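Close look at the chain arrangement
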Amino acid sequence: MLLLVALALGAAVFLTWSVQSARLDDRINAELGHEAAKLREFARAGVDPATGRPVSGVRALLTAYLGHNLPDDHESFFSVVDGRADRRSPYPPPARLDHDAAFVARATRIAASGRPASGWADGPAGRVRYAVLPVRMAGDRARAALVVAEFRDLQRDEAEETTRVLGFTAFGALAVAGLAGWLVAGRVLAPIRLVRQTAERIGASDLTRRLEVRGNDDVAALAGTFNTMLDRLEAAFATQRRFVDDAGHELRTPLTVIRGHLELMGDDPAERAETRELLIDELDRMNRIVDDLLVLAKAERPDFLALGEVDLADLTVETVAKARGMASRRWRVGEVAEVRVTADRQRLTQALMQLAANAVRHTGDGDTVEVGSAVRGAGVELWVRDTGPGVADEDTARIFDRFVRAGPGPRRTDGAGLGLAIVGSIARAHGGRARVERPPDGGARFVLELPLRPSSAEPSPVPVMDDGPATDGPRA
Ligand SMILES: Nc1ncnc2c1ncn2[C@@H]1O[C@H](COP(=O)(O)OP(=O)(O)O)[C@@H](O)[C@H]1O
Ligand SMILES: [Mg+2]
């Protein structure tokens, strides 16, 4: 950046210098022309301005002219009369061209020719642009001329001086600005460097460290954001660790059971057959746990859901039709939402079937299990309701955690307490949540609250599927 500015400045200085020196030559030529015009004017009048009387002779004319017309800086005028330098302007010039014999001879030749001429000469003061302007007068045979000399190199020195001053000022300012920028940038970046160094020290093994948040500028905000991210990471790592711990712990039990049975197995064929049965049962249980754990692990991933259009009325009715096969209960379709939403049909079915399986486990033959759906507020609700014992108040939140089984000691063949965890994960993946209620008339009502906007609300006939008093046996 600084280099770019320096280059631009350099170009500007160089351009200034070229323009100035080009102008200089133009100006010198114009000056020569101007002097010639003044002399012509003066000669035409032929009057000495000092005395007011006409001058007599060329020599007197030139003398009067020199006395009257003073040169600028870096200029010199003198007259040449009959081969000799005659008079010069009162101010001493930078170099005495009138003392240069070769030059005077050249001027004399031009004077003799009678035609004005200009050219370049070199002297102690550098290159000089000159003009020789011959002057004639009727009745005077003298060969005289006015020499106008412009000391170009001296004038050019002036231009160079200007350019140099410009250059020094520009680059000086650039240096000062650069230094100031560097200092300011250093001060501004110092806190960011601190943040980076601290961040480097925080490894995956030690996520408990946090950045110090000082002040309330952007850097403090950055540190704050960074800390929030670390909070999330730490929580995520902790969750994962707990998950692995729980899973390992839970899988160890069936393994121990299997091992114990195998070690104690005798030779009696009847006992062997019994043990075999038991072991296969235990292995099936392990299988289910592993499957459920895989679902839970996958629930954290973005590809957990395969979204599509789901007709909630269809879903509700179909769930009851499928669940009917599980056990003989009074299966009912409750309220149904006549809407379509964007959701994962298979996952929603999985959640409802899970809830239905729980309902079956916690109810008996004469109990009712109802599945329903409704549009509520800004979203929809899906629920499974049963007339079983319900859930104790202190367990309502807890049972959605994995490996949590509440109530009276479950039999060995019971689930591992992952069912409701999966239901919760499916609800969360849809942006909602799962909860359990205790309806006033008893039992339990498990609800999926999903903030899904109905994509259409076509009025289709409500399918009436009430089984009446009771259905006996599965009907799949
Ligand atoms: N319909 C229900 N009625 C009463 N309690 C229930 C019901 N469903 C679940 N629960 C309670 O919630 C606990 C956790 O359920 P879940 O996560 O499905 O695990 P699991 O079915 O393997 O026990 C159950 O152990 C039970 O105590
Ligand atoms: Mg269950």
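As recorded in an unreviewed UniProt entry, the protein chain goes by histidine kinase and comes from Actinomadura darangshiensis. Within the UniProt record for the protein chain, the comment given under Subcellular location (unreviewed entry) is "Cell membrane". Taken verbatim from the UniProt record of the protein chain, the Catalytic activity (unreviewed entry) comment is "ATP + protein L-histidine = ADP + protein N-phospho-L-histidine."

Some points on the pairing of strand S8 (residues 340-343)
Burial of the side chains of S8 is restricted to one face: Val341 and Ala343 are buried, whereas none of Arg340 and Thr342 on the reverse face is. Sheet topology places strand S6 (residues 308-311) next to S8; four bridges connect them, and they run antiparallel. In the strand pairing of S8, Val310 is matched with Val341.

Section: the environment of Glu161
Inspection of the secondary structure assignment puts Glu161 in helix H4 (residues 152-201). We classify Glu161 as partly exposed; its relative accessible area is 42%. Between the C-alpha atoms of Glu161 and Ser56, which are 105 residues apart in sequence, the distance is 46 Å.

Overview of the pattern of salt bridges
Within the structure shown, the criterion is met by 32 salt bridges. For Glu335, the salt bridge is made with Arg376, and the minimal N-O distance between the two is 3.8 Å. Of this pair, Glu335 sits in the loop between strand S7 (330-333) and S8 while Arg376 sits in strand S9 (residues 368-376); the two residues are 41 residues apart in sequence, bridging distant segments of the chain. Judged by relative accessible area, Glu335 falls into the partly exposed class, the value being 43%. Taking the relative accessible area as the measure of exposure, Arg376 reaches 36% and is therefore partly exposed.

Here we look at the site of ligand 1
Near ligand 1 there are 18 residues, and of these Asn358, Arg361, Asp386, Gly417 and Leu420 occur at the shortest range. In the model, an oxygen atom of ligand 1 is placed 2.7 Å from a nitrogen or oxygen of the Gly417 main chain. One of the backbone nitrogen or oxygen atoms of Leu420 is found 2.8 Å away from an oxygen atom of ligand 1. Alone, ligand 1 offers 530 Å² of accessible surface; in the complex the protein occludes 95% of this. Listed by contribution, the elements that provide at least two residues to the shell around ligand 1 are helix H8 (345-361) and helix H9 (419-429). No other element matches H8, which puts three residues into the shell around ligand 1. Across the shell around ligand 1, the residue classes tally to nine nonpolar, six polar and three charged.

Points about the layout of surface pockets
As a volume, the second largest pocket reaches approximately 710 Å³. As for the second largest pocket, its lining consists of 22 residues, and the residues nearest its centre are Thr239, Phe243, Glu300, Arg402 and Arg428. Broken down by element, the lining of the second largest pocket gets its largest block of residues, seven residues, from helix H5 (residues 218-264). Along the lines of polarity and charge, the residues of the lining of the second largest pocket split into eleven nonpolar, four polar and seven charged. Formed jointly, the lining of the second largest pocket draws a minimum of three residues from each of two domains, domain 2 (218-298) and domain 3 (307-450).

With respect to the domain arrangement of the protein chain
Looking at the protein chain, the domain boundaries give domain 1 (2-159), domain 2 (218-298) and domain 3 (307-450). Summarising the inter-unit geometry, the C-alpha centres of domain 2 and domain 3 are found 24 Å apart. Contacts between domain 2 and domain 3 engage 17 residues on the former and 14 residues on the latter. In total, about 1,300 Å² of surface goes out of reach between domain 2 and domain 3, with carbon and sulfur atoms giving 57% of it. On the domain 2 side of the contact with domain 3, Glu250, Arg285 and Leu296 bury the most area, a combined 39% of that side's loss. Joining domain 2 to domain 3, the criterion identifies two salt bridges. At the junction of domain 2 with domain 3, the criterion picks out two residue pairs in polar contact (both at pLDDT 80 or more). Contributing elements (two or more residues each) for the side of domain 2 that touches domain 3: H5 and helix H6 (269-298). Per element, the largest residue contribution to the side of domain 2 that touches domain 3 is ten residues, and it comes from H6.

A closer look at the sheet that holds strand S11 (residues 433-437)
Read across the open sheet, the five strands follow the order S7-S9-S10-S12-S11; overall the sheet is mixed. In this open sheet, the two strands that pair with only one neighbour each are S7 and S11. The average angle at which neighbouring strand axes cross in this sheet is 15°, direction not considered. Bridge analysis of S7 against S9 gives four bridges, and the strand direction is parallel. Bridge assignment links Trp331 to a residue of S9, and that residue is Val369.

Conventions and cut-offs
- Residues take numbers from 1 onward in each chain, read along the sequence in its written order.
- Chain letters and ligand numbers both follow the written order, the letters beginning at A and the numbers at 1.
- Since the coordinates come from a predicted model, pLDDT governs what is reported: local features require at least 70, and pairs of side-chain atoms require 80 or more to be given and counted, while whole-chain, interface and lining totals use all residues.
- The basis for every side-chain value is the complete set of non-hydrogen atoms in the structure, without hydrogens or water.
- UniProt positions are given in the numbering used here, feature names are shortened, and annotations may be inferred rather than shown by experiment.
- Exposure is judged per residue with a 1.4 Å probe applied to protein chains only, and the accessible area is read against the type maximum: over 50% gives exposed, under 20% gives buried, and values in between give partly exposed.
- Numbering goes from the N terminus for both helices and strands, where a helix is a DSSP run of H or I of at least four residues and a strand is a run of E of at least two.
- When DSSP finds two or more bridges between two strands, those strands count as paired.
- Between Lys or Arg on one side and Asp or Glu on the other, a salt bridge is scored when a side-chain nitrogen of the former is within 4 Å of a carboxyl oxygen of the latter.
- Residues are labelled near a given molecule or strand when at least one of their non-hydrogen atoms is within 4 Å of it.
- We call two N or O atoms a polar contact when they sit within 3.5 Å, provided that within protein one can donate a hydrogen and the other can accept it, with sequence-adjacent residues counted only if both atoms are side-chain atoms.
- For every accessible area listed, the method is Shrake-Rupley and the probe measures 1.4 Å; residues are considered covered only by the protein chains on display.
- When residues are sorted by character, Ala, Val, Leu, Ile, Met, Phe, Trp, Tyr, Cys and Pro go into the nonpolar class, Asp, Glu, Lys and Arg into the charged class, and all the rest, Gly among them, into the polar class.
- Think of a 1 Å grid over the protein atoms and nothing else: a 1.4 Å probe that fits but is trapped marks a cavity, an open set flanked by protein within 12 Å on at least five of seven lines marks a pocket, and residues with an atom within 4 Å of a point count as lining.
- Grid points are joined across faces, edges and corners, and a volume is the space filled by probe spheres set on the points.
- Here the bounds of each domain stem from an automatic or database domain assignment.
- It only takes one pair of heavy atoms within 4.5 Å for two residues to be counted as in contact.
- Buried area: the accessible area, evaluated with a 1.4 Å probe, that two parts lose upon being put together, summed over both parts.
- Every angle, taken between N-to-C directions, lies between 0 and 180 degrees, and every axis is a line fitted to C-alpha atoms, over only the stretch in contact when it is a helix.

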